[in-house]
Structures are given as C-alpha cells and as structure tokens.
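This is what each chain is made of:
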Amino acid sequence: EKQHDVELPPSFNLTFLNERHAEVILDGQHRYAGTMLDLPCVVETQKSADGRTFVKSGDVHQMLVVREQEKINDVPTCEQARDGVSAAGRNAEVRLRTSEPVFNREQVASVEAQMKYVVDNKVAFVKKEQPKVEKAVRITADIDPATVAAAAG
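What counts, and at which threshold
- Residues numbered from 1 in each chain as written.
- Predicted model: local features only at pLDDT ≥ 70, side-chain atom pairs only at ≥ 80, totals over all residues.
- Heavy atoms only, no water.
- Helix = DSSP H or I, 4+ residues; strand = E, 2+ residues; numbered from the N terminus.
- Buried < 20%, exposed > 50% of the residue type's maximum accessible area, 1.4 Å probe, protein only.
- Areas by Shrake-Rupley, 256 points an atom, 1.4 Å probe, with all protein chains shown as cover.
- Pairing = 2+ DSSP bridges.
- Contact = heavy atoms within 4.5 Å.
- Axes fitted to C-alpha atoms, helices over the stretch in contact; angles between N-to-C directions.

> What exactly am I supposed to notice about the overall build of the chain here?
Helix and strand counts for the chain stand at three helices and four strands. Across the chain, helices and strands are ordered from the amino to the carboxyl terminus as β-β-β-β-α-α-α. Classification of the 153 residues of the chain by burial places 12% in the buried group. Summing over all exposed atoms, the chain offers an accessible surface of approximately 13800 Å²; the carbon and sulfur share of this is 53%.

Structure follows, in structure tokens:
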C-alpha cells in the first residue's frame, strides 16, 4: 500500500462519529472516512531545527487511517494496526509479545513474604560443614580382618 504525505488545506474539518470512526471534510465538499487504530508499539517522534540534530518531541500510540468515502467497506474491523506504520513494524505484535511469567502470583507473593521475614528478623544463614567420612573398607569372608586393619593403619 502506497503512503503519501498530504498538506492539509485551510478548511479541514475532523469529526469523530464514535471512539474509533471519524469523518474528514476537506474544502467543505470532499468527504472521507477515517478509522482510529492502535499501533502495536509506541512510535517515538523527533524534530530537528537544523536537519542534523534531532530531539524527541513525542510518542505516538494511535494513527488515523483516512479512506475515500466510496471505500467505506474497506474499513478494518479490528482496532489495531498489526503491522505498524513501516516495514520494520511488520509482525511487531508477535515479535515483541512478552512471554508468560515463569512463576504465578501466589509463588511470587510467598517468596516476597519469606524474604521480608528474613530481612526484618535479620536471619543469618550459616553453611553447615559436612562431617568427614573415612574410607569404608569392605570385609569379605576371603580376607583376614587383621590384614585389612594393618593395611588401613
């Protein structure tokens, strides 16, 4: 779909029919249908005084798509522009979707309560040393116990 920059005439009227649909009237005679769509991610706008240095001027969350009145049936039924405003935004909703959390709310609340208890009560955790285990010697009927004792000794 081709996009064009349009300079608006002095007699430009925008009237919203409801939350999502609008009517645009140019020069008092040309009527167009408009639909407000949510963008899949925030688009940062910038401005420049010299064409070299850019300063952030705002964040765009929605866009108004304007069509000719005859193409009123082409109005999207969804409320979101899934592919954004440029080729880089294609499938942004799928690529930028956050995954499901690893832990549920109850687990997180339980760990938070335990951590709060530890901090509030100044609980210290001390690592206990494991007792040293001496080598075990297996005694069988074929070996004389005196020989084993002398070898370990």
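> Can you walk me through the pairing of strand E3 (residues 30-48) in this structure?
On any regular strand, side chains alternate: one points to one face of the sheet, the next to the other face. In terms of strand pairing, strand E2 (residues 21-26) meets E3 through six bridges, oriented antiparallel. Paired with Glu23 across the strands is Ala33, a residue of E3. What sits between the antiparallel neighbours E2 and E3 is a turn of three residues, in which Asp27 has the positive phi angle 55°. Relative to strand E4 (residues 54-68), E3 is paired through 13 bridges, and the arrangement is antiparallel. Bridge pairing links Leu37 to Met63 in E4. Linking E3 back to E4 in an antiparallel pair, the connection comprises five residues, with Gly51 at a positive phi of about 80°.

> What am I meant to see in the environment of Ser57 here?
Structurally, the position occupied by Ser57 is in strand E4. With eleven residues separating them in the primary sequence, Ser57 and Gln46 have C-alpha atoms 5.0 Å apart. Residue contacts for Ser57: discarding those within four places in its chain leaves Thr45, Gln46 and Lys47.

> Is there a simple way to think about the pairing of strand E1 (residues 12-16) in this case?
One ladder, built from five bridges, connects E1 with E2; its direction is antiparallel. Opposite Asn13, over in E2, you have Ile25 as the bridge partner. Count of turn residues in the E1/E2 antiparallel hairpin: four residues.

> For this particular structure, what's the right way to read the sheet that holds E3?
The sheet built from four strands is open, its strands ordered E1-E2-E3-E4 with antiparallel pairing. Of all the strands in the sheet, just E1 and E4 have a single pairing partner and so form its edges. In this sheet, adjacent strand axes meet at a mean angle of 40° when their direction is disregarded.

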